[in-house]
Every structure is written in C-alpha cells, then in structure tokens.
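# Working through the structure, step by step
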Amino acid sequence: MTGGGDISFFFKPESVAVVGASPEPGKISNIILGNLAGAGFGKRLVPVNPGQASVMGLECLPSLEESPEVIDIAVFAIPAGLVPGALKRAEGKVRGAVIVSGGFGEAGERGKLLEKEVLDTARKAGVRVIGPNCLGIYDAVSKVDTFFIPVDRAGRPGRGGLSILSQSGSFAAVAMDELAAEGIGVARIVSYGNAVDVNESDCLEFLASDPETSAVVIYMESVADGRRFVEAASRCSSEKPVMAVKVGKFGAGAAAARSHTGAIAGRYEIYRAAFRKAGVTELDGYEEFQAACKAFGLQGRAGGKRVMIITDGGGMGVGIADACHALGLEAAPLPDELEKELRAVFPPYFSISNPLDLTGSATDESFAMSVQKTMSGGHYDIAIVAALWGPPALTDSLPGMLAQKPGFSEKPIIVCTPGGEYSRSRLRLFREAGLPVFTTPEGAVRAAAVLAGGRRRR
Amino acid sequence: MAEKAAIEKIVKEAMSLGRKALVEPEAKAVINLASILVPRHRVVKDMAGAFEAASDIGYPVALKLVSPDMLHKSDIGGVALGIKDSKELEASWSRMVLSAAHEAPAAVIEGFIVEEMAGRGTEVIVGGIRDAQFGPAVMFGLGGVAVELLKDVSFRLAPVSREEALGMISEVKSFPLLTGFRGGKPRDLDAVAETIIKVGRIMDEVSAIKELEINPLVVYERGALAVDARAVLG
C-alpha cells in the first residue's frame, strides 16, 4: 500500500506549519500551535490562516501556496472534507503532512473514499502523509509536538532513548503521559492512525538507523503489509531491541478453514510467528508494555537470564524467585566463592543464598554491598532488589546508593518495593535515582524478563 | 525446489476441474514430489483392481474412499484399517460404499486407495497455511487431542530453517512424547524437522496451495511416513 522511502525529514524539520491555526483557545489547531511553541521548537513555526495576521504572536501565512519556501511538516487539523483540496494546494510547498483530522477510513464508506482521495492527492503532490486520524509526532529530540492533548492533560516526557510507535492515538497519549510521570525519557513517539501512507514499517526503517533511539516499542492492532513489516522489523531488531504489544488477539481465524491447521491458525498465532521471525519481543498487554518502557527507558539489555534476588523480606524473595521461574528466568544458586565472600562480610543471621535475605537488620550499606558483590564478575545478568521499608536502619539514601554507576554495577538493576503509604512515597526516590521501580514482584520480574529478551511464552 | 513445476501441474489440473481441494492421492503426490515419504498405495476403481493392488502391496492394507466432496472421510466411514485378507477387503468395500451412499449421497466417488498399513509410531501433524498479511506459515503439533482440544501447536512463517523447525518441535508441551516419555521410544526428530521444512518450501513456492496438512505424519525411531494428506486450493 505504501511505497516506503525516507521519512527522516519528519524528525528533523526546519519548519512546521499548522494549517487552519485558530486564535481561539481550546480549538485543536490552537492547542497544537501552543504545544509546538511551548515545546521549544526552535525552527520556523508558521500558522496558516487567511483570516488572521498573526496567532500567538506568530505571523500567519494566508495559505501554504504563498509560502516562500518548502515547509517540512504541515499539520492539518481541518475538517476531513477539506483535506484533499488543501493537500492539492500544498503541492511543491510541503514535504510531509500530519493529518490529525478524523472522519476517514474509520468512519464508514464515505470516509474510505475520502481517504483514498487523500492518498491519491498526496502522491500526485509529492507529499508524504502521517495519519489521518492520528496524533502525529511527539519528538523529544527535534521538539516537534503535534499531539493535540493539552500539556496539563497529558505530560510530555523528557529526552531519552525510547521510541514508541502506535496506531492508536489515545494509546500513544496515555503511554506518553505515563512515561512523563515515571520520569522516563523518549526519543520519538509516532501515532500513525489510519496509516494511509506512512506506516509502522516506514517508521521502523527510520528508527533502525536513528542514533537517538536505543529501543523501540510498538502498540499494534494490525499491519497493512505483513511481509514488509517482518523485513523492516528484522532490520531494526538487528540494531536495537524491538518490542510489540499486539491487541485484537482473538478475532476470528480463518473461518472457512478446512484443515486443522487452518482452523487453529488465528490471526494472533501468525502475528506471533511474524514477531519471532522479525526478532521482535512480544509483550503481553498493557502491564508488560509499561514494564518494558520502564526497563528499557532506564536500563539496557541484559546479557542473559540469570537473576540475583536481593531482599530484606524472605517471603517476598521466594515469590520473586517463583515469578522468575514462570517467565523463564533463572534465579541460579550462589557460586561457592561468592557465598564465602558474602559470609565473610555479613552477620551469620543473614540468609546467604539466592534470594539473598538481609532480614530486618538490613541497612542501606548491606543492600548496596550485596548488589556490588553479586553483580561484579560473570555470575549474574540482572539484579532484582526487593526493598521492604520495615527495617529501621533503612534510610532515604538507599535508592541513590543503588543507582547504576561505573565501578558499582553496570548491569541492569530492577527494584520492587511493595507496601503502603510510606513505601509508595519512596517510589519517587528510586525514579530520581534512574531505577525502574515496581510495586509488585510480578511487575519487577516482567521487566527483568523483557530486558533478558522476552519471556519464553507458549 | 526441483519439483515445483510438477507440483504446480497437479494443482492446476485440479483447479481446472473447478475443484477447491486436492484429493488424498493428489495431495500425497504433491508431498512425495517434495520428497516426503508416503506409504505404498494404489488408486483403484473397482473391486478387482482392489484385490490386485492388495495382493501386490501385501496384506494387511488400508482402504480409503477418494472423493473431492469429502475432505474428512473418516467421519463418514470412508476409512478401513488393518484389512487382513481378501474377504475382509470385500466386506470393507461393501460397507464403505453403503455408508457413503447413506451419509453423503451426492458425493462423487472417484475411486479407492489401497495402501500398505503403516507401522505404529507417534502421530504428529505438520500443516501449512497462507495468511493474507504474512504469507505462508507452517504449523506443528502432536496428533489427536493435543492439537484438536488443547491447541498445543507451534507456528513459524515459511520458509523455515532447520533450527526453526527443531524449535517448533521442542516448544510444544507434548514434546516429551517424542523423546521417550514413560518408556516410549525416542522418535526421529530430524525426520519431523525435514518434513516441516519441506511443507514450508511447498507453501513458499506454490502459491495456489492455500492450506496443506499432513495428518498424521507417523514418526518412527528412524524416519517418518505421511499417512494422510490434504490440500486446499485457491
């Protein structure tokens, strides 16, 4: 359906125009212009409105046709029926369009025809299109923000290495908001909506060679061209981790199938086979999506599946070990020399094994020392630290002491800190220390499994 | 695949007759061209032909109905196994014709297969489907309840490598049944992997085949035999 081709200009534009930029607060075009200005987009920002001399203090162009130069991105927040005409007039003046308007393929037969007209017009005019029916781009690198959700309703994350692709705009906005709240930075978030032109495969091709992106998470309902997706995702996953949540798993399979194979092969089984072929780690639902974002937003890929569990609550430690087992991670026993080393420094009533139980006598220092000693050398790939805040010696310095740093541990550390009021108010401290923190053992182990390359799911 | 043209010829002929599926002898010819082993068999039109085929092949034999209108022939009494002599063959034949006339009076009967009885082994299913978005894919599962009830199967996009095929076999829950569970004999995993690879190749190269299924593939300590096969065209 799409022709491919380079879309990198969407992510390093010299100019962004907002078509139909309204001076009226609350209008979508007004929110977008405000967000772009507020995000600190430092290049040329151009409101397009024949009825206004200026909007928000920015000089208006009466129409795109009158632009003295080629504009990299034009955001169209105008009624669906006006889009084809506006695109036609943009010929030669615009490289890429972000069409946030709805009322296209998602809205019945008339919408489908209109969508086809958009594609045909864009092709003729030589304009690449993101959307329609999308939020477009939130880019922490280039500072482009076409999401028409006000900043007070959905927070904007800072800069980081995570990039997110989502067909669904509402999902992209919620994910963005959650990441902002967790203090996790992003590179690019693209909501591509109906994907009339630019789709997940185009984005994956761009992200594969995007130096700002260190990991990619896709939220996917369907793909237009499965084989192209497999190729693009394979290329991207050979460069950096690529993960995907597939929703709409239980749609009818091949209804008219005449063999067992045909009857069993639902859409989801084939998607899983495709993810596997493409080296994409499959994420099971929203919780795992969150876990993956936290894990890869703050830590890097784990070298393997061997987990060291460090806790001050024996019961919680055993629960984590069980969860590890269930997701295909190994809570391998302590090697003899490591056990000796720990016995030499810790009191006899600590339980020196894996899980390592520092008991109610735990201190900030004993936690930090445990992480440092077990994670140096080649015995383990990931540490899960389950810190329960009961022991009186624990202080608010603990999170900072566990933060990854050279000479301490450069392997991934995941924190689990369940509990009520007191514990919850400590979550922020772990976030500030750049540690992925979870309130349940299952959440922490899911994150560890994602870092280790995905659970072995059947 | 060396025999691609020959396979396509079989498929084209069936389609030119307006058929949407291959009957068992055709499906077996297709997989056999891809060098998947099938039991010795012969298609016959009448009782005399059946007697002759059975004595050539050697008792015990299986007798199966060939009809483009019955893809699930065992459901309507279209399969008789372990026929020991000519008397039993005659009885089976009569029963089958009566049953078919009763259960599916409109079905066209093209003939019968007389086939050597495959030895006992572990039954598995190897299938192929063509997906609208992702193209050809292959499926593996252990026979019977494991597939039909528990859906204990694995999928990969085709074509598949040897490593992928072995991965498909080992990832199903019922895998231990192939490696000597409860004193059973370990089965020839390489033969299964080879079959999966070949089905993947057929699916990848012969685009007119929409579904292909070997059910069962009987797996032995050495080797495997495709005892039944079907294909959907389109």
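Residues numbered from 1 in each chain as written. Chains lettered and ligands numbered in written order. Predicted model: local features only at pLDDT ≥ 70, side-chain atom pairs only at ≥ 80, totals over all residues. Heavy atoms only, no water.

Residues and elements named next belong to chain A. If you walk through the whole model with that rule in mind, you get 14 aromatic pairs over all chains. Relative to F289, the ring of F171 has its centre 4.7 Å away and its plane inclined at 70°; by these criteria the two rings are edge-to-face. Of this pair, F171 sits in helix α4 (residues 169-182) while F289 sits in helix α9 (residues 285-298), and the two are 118 residues apart along the sequence. Neither residue differs from the other here; F171 and F289 are each classed as buried. On the basis of an interplanar angle of 20° and a centroid distance of 6.0 Å, the ring pair of Y286 and F289 is categorised as stacked. Taken as a pair, Y286 and F289 lie in helix α9 at a separation of three residues, close to a single helical turn. For Y286, a relative accessible area of 30% corresponds to the partly exposed category. One aromatic cluster in this structure is built from F171, Y219, Y286 and F289. Here K246 stacks its cationic end above the ring of Y271, 4.5 Å away from the centre of that ring. Positioned above the aromatic ring of F408, the side-chain terminus of K405 is 5.0 Å from the ring centre. (Phe/Tyr/Trp six-rings, centres within 6.5 Å; stacked < 30°, edge-to-face > 60°. Helix = DSSP H or I, 4+ residues; strand = E, 2+ residues; numbered from the N terminus. Buried < 20%, exposed > 50% of the residue type's maximum accessible area, 1.4 Å probe, protein only. Lys NZ or Arg CZ within 6 Å of the ring centre and 35° of its normal.)

Right, let's get into the interface of chain A and chain B. Between chain A and chain B, the contact holds 25 residues from the first and 37 residues from the second. The contact between chain A and chain B buries some 2,600 Å² in all, and 57% of this surface belongs to carbon and sulfur atoms. Taken together, the links from chain A to chain B amount to two salt bridges. Where B:E171 meets A:R276, a salt bridge forms, and the shortest distance between an N and an O atom there is 3.1 Å. The interface formed by chain A and chain B includes seven residue pairs in polar contact (both at pLDDT 80 or more). Among the secondary structure elements, those contributing two or more residues to the side of chain A that touches chain B are α6 (226-237), α7 (260-264) and α8 (267-278) of chain A. With eight residues, the single largest contributor to the side of chain A that touches chain B is α8(A). Grouping the constituent residues of the side of chain A that touches chain B by class yields eleven nonpolar, five polar and nine charged. (Contact = heavy atoms within 4.5 Å. Buried area = accessible area lost by both parts, 1.4 Å probe. Salt bridge = Lys/Arg side-chain N within 4 Å of Asp/Glu carboxyl O. Polar contact = N/O pair within 3.5 Å; in protein donor to acceptor, adjacent residues only side chain to side chain. Nonpolar A, V, L, I, M, F, W, Y, C, P; charged D, E, K, R; others polar.)

What follows concerns the domain arrangement of chain A. Residue and element names in this part refer to chain A. On domain assignment, one finds that chain A holds domain 1 (8-297) and domain 2 (301-451). Domain 1 and domain 2 are separated by 38 Å when their C-alpha centres are compared. Taking both sides of the interface into account, the surface hidden between domain 1 and domain 2 amounts to around 1,000 Å²; carbon and sulfur atoms contribute 64%. The residue R446 makes a salt bridge to E287 at a minimum N-O spacing of 2.6 Å. The interface formed by domain 1 and domain 2 includes three residue pairs in polar contact (both at pLDDT 80 or more). Residue assignment for the side of domain 1 that touches domain 2 shows that the elements contributing at least two residues are α4 and α9. A class-by-class count of the residues in the side of domain 1 that touches domain 2 yields eight nonpolar, no polar and five charged. (Domains from an automatic or database assignment.)

Moving on, we get to the environment of A:L394. All names here are of chain A. Checked against the element boundaries, L394 lands in the loop between β17 (382-386) and α13 (398-402). The exposure class assigned to L394 is buried, which follows from its relative accessible area of 6%. Contacts of L394, omitting those with residues within four sequence positions, involve D312, A362, T363, D364, F367, L388 and W389.

This part takes up the sheet that holds strand β5 (residues 71-76) of chain A. Residues and elements named next belong to chain A. Reading across the sheet, the five strands line up as β2-β1-β5-β6-β7 and stay open at both edges, with parallel pairing between neighbours. Two strands bound the open sheet, and with one partner strand each, they are β2 (44-48) and β7 (128-130). Pairs of neighbouring strands in the sheet enclose a mean axial angle of 20°, with direction left out of account. Sheet topology places strand β1 (residues 15-19) next to β5; four bridges connect them, and they run parallel. (Pairing = 2+ DSSP bridges. Axes fitted to C-alpha atoms, helices over the stretch in contact; angles between N-to-C directions.)

This next bit is on empty space enclosed by the protein. All told, the structure shown has two cavities of 30 Å³ or more when counted by the stated rule. Its boundaries defined by the atoms lining it, the second largest cavity holds a volume of some 30 Å³. Here the residues of the lining of the second largest cavity are counted per class, giving four nonpolar, one polar and three charged. (1 Å grid on protein atoms, 1.4 Å probe; cavity = no way out; pocket = protein on both sides within 12 Å on 5 of 7 lines; lining within 4 Å. Points joined across faces, edges and corners; volume = space filled by probe spheres on them.)

All names here are of chain A. This model, assessed by the stated rule, comprises 39 salt bridges over all chains. As a salt-bridge pair, K116 and D120 come within 2.9 Å of each other at their nearest N and O atoms. Remark: D120 and K116 occur in helix α3 (residues 108-125); sequence separation between them is four residues, near one turn of the helix. Ionic pairing is found between R228 and D202, a salt bridge with its closest N-O pair at 3.0 Å. Of this pair, R228 sits in helix α6 while D202 is found in helix α5 (residues 200-208), placing the two residues 26 residues apart along the sequence. The residues R228 and D202 share a single accessibility class, namely buried. Through salt bridges with shared partners, a single network forms among R123, R128, D197, D202, E205, R228 and R235.

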